[in-house]
Amino acid sequence: MYNLRVADIDFRLEYEYPTMLKQAEAYIAEENDKSYKPIFGITLNKPSLVEFQRENPHLTINDCEYLLTGAAFYEKLIEFKGVLLHSSAVVVDGYAYLFSAFSGVGKSTHTGLWLDYFGDKAYILNDDKPALRMIEGKVYAYGTPWSGKTDLNRNMRVPVAGICFIERSETNHIRKAETFEAFGKFYEQTVRPDDEGRMDMFMETLNDIFCNLPIYIMGCNISPDAVETSYNEMKKGIIK
């Protein structure tokens, strides 16, 4: 078991395969950190891990551990006014801009354009599965060890400027989403709890996020203009 601190949550996690050993290294709590107080522990059941791999033969056991440990953490995150959003989070001038879409649409391609456009002013907080938490009325994004097919993540907390759901388009345009649109798109790109108690917590957190953060829908192409279009609109939502 390793002592981890992810999204300002202390917990113990059991893992042994290369991907998690590498990805979690930056999140291991210092041995002399007296403030570290684990709240829960996550241990994968070996037979369940093997069964998951058998059901998904295209995955290695290493891949399975990586996916299942992430799923277990994000399920617990709901208890701490937090949720997962399948997205790429890019940071500019101390604020995180999250871009979400179904796999293959181009969210990482879009945030990659931000890195090209802003240079050293920008970095990726998490390229696939950032954690979002409501803390004292503000929405924060966190890097986590689970960042999809890349290792692009940082163990940091950053206030969120906005969330944007992107779609492919020949021209670039962006608008604020209606609440029903925002809920539907967010619901498709997150971990949804099975039991009623967690669902209540999940829905309460989503409501708080929507009340405290602008949500956008954008059609975009692969061009610097796509960055300018999204950034110029989304930076308006920054609440000092």
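Quick caveat: nothing in here was measured; it's all calculated off a predicted structure. All chains use their own residue numbering, which begins from 1 and follows the written sequence. Local features in a predicted model are, by the rule used here, given only for residues with pLDDT of at least 70; side-chain atom pairs are given and counted only at 80 or more, and totals for whole chains, interfaces and linings are based on all residues. In computing side-chain values, all of the structure's heavy atoms are included and hydrogens and water are not.

J.: Sorry, what's going on with the sheet that holds strand β2 (residues 9-13) here?
T.: Strands pair, by our definition, only if DSSP identifies at least two bridges between them. Segments assigned H or I by DSSP are reported as helices when at least four residues long, segments assigned E as strands when at least two residues long, and all are numbered from the N terminus. Judged by pairing direction, the sheet is mixed, and its three strands sit side by side in the order β1-β2-β3 without closing on themselves. A single partner strand is all that each edge strand has here, and the edge strands are β1 (2-6) and β3 (40-42). Here the strands of the sheet are splayed against their neighbours by 35° on average, with no regard to which way each runs. As paired elements, β2 and β3 share three bridges and run parallel to each other. When the bridges of β3 are listed, Phe-11 appears paired with Phe-40. Interaxial angle, 0 to 180 degrees, is taken between N-to-C directions of lines fitted to C-alpha atoms, where a helix line uses only the stretch in contact.

J.: Can you walk me through the packing of helix α2 (residues 46-55) against helix α3 (residues 61-77) in this structure?
T.: Two quantities define a packed helix pair, namely the angle between the axes and the distance from one axis to the other. Direction vectors running N to C along α2 and α3 enclose 115°, while the axes themselves pass 9 Å from each other. The pairing of α2 with α3 is recorded here as roughly perpendicular in orientation. α3 is crossed by α2, and the crossing has right-handed handedness. Across the interface between the two elements, Leu-49, Val-50, Phe-52 and Gln-53 from α2 touch Ile-61, Cys-64, Glu-65, Leu-67 and Leu-68 from α3. Should an angle fall under 35 degrees it is taken as roughly parallel, and over 145 as roughly antiparallel, whereas 65 to 115 is taken as roughly perpendicular and any remaining angle as oblique. For a crossing to be left-handed, the near helix must be turned anticlockwise from the far one by less than a right angle; the clockwise case is right-handed. We call two residues in contact whenever any of their non-hydrogen atoms come within 4.5 Å of each other.

J.: Where do I start with the packing of aromatic side chains in this structure?
T.: The geometry of an aromatic ring pair is captured by two quantities: the separation of the ring centres and the angle between the planes. Each aromatic pair joins two rings of Phe, Tyr and Trp (for Trp, the six-membered one) with centres within 6.5 Å, and gets the label stacked for planes under 30 degrees apart, edge-to-face for over 60, and tilted for any other angle. What the rule picks out here adds up to 17 aromatic pairs. Judged by centre distance (5.8 Å) and plane angle (65°), the rings of Tyr-74 and Trp-146 are edge-to-face. Here Tyr-74 is found in helix α3, whereas its partner Trp-146 is found in the loop between β9 (138-142) and β10 (157-168), with 72 residues between them in sequence. Residue Trp-146 is classed as buried on the basis of its relative accessible area of 2%. Three or more aromatic residues joined by ring pairs form one cluster here, namely Phe-11, Phe-40, Phe-73, Tyr-74, Phe-80 and Trp-146. The criterion is that NZ of a Lys, or CZ of an Arg, lies within 6 Å of the ring centre and within 35 degrees of the ring normal, and then a charge sits over that ring. Taking NZ or CZ as reference, Arg-192 lies 4.9 Å from the ring centre of Tyr-187, over its face. Each residue is assigned to one of three classes by its accessible area relative to the maximum for its type, calculated with a 1.4 Å probe on protein chains only: buried under 20%, partly exposed between the two thresholds, exposed over 50%.

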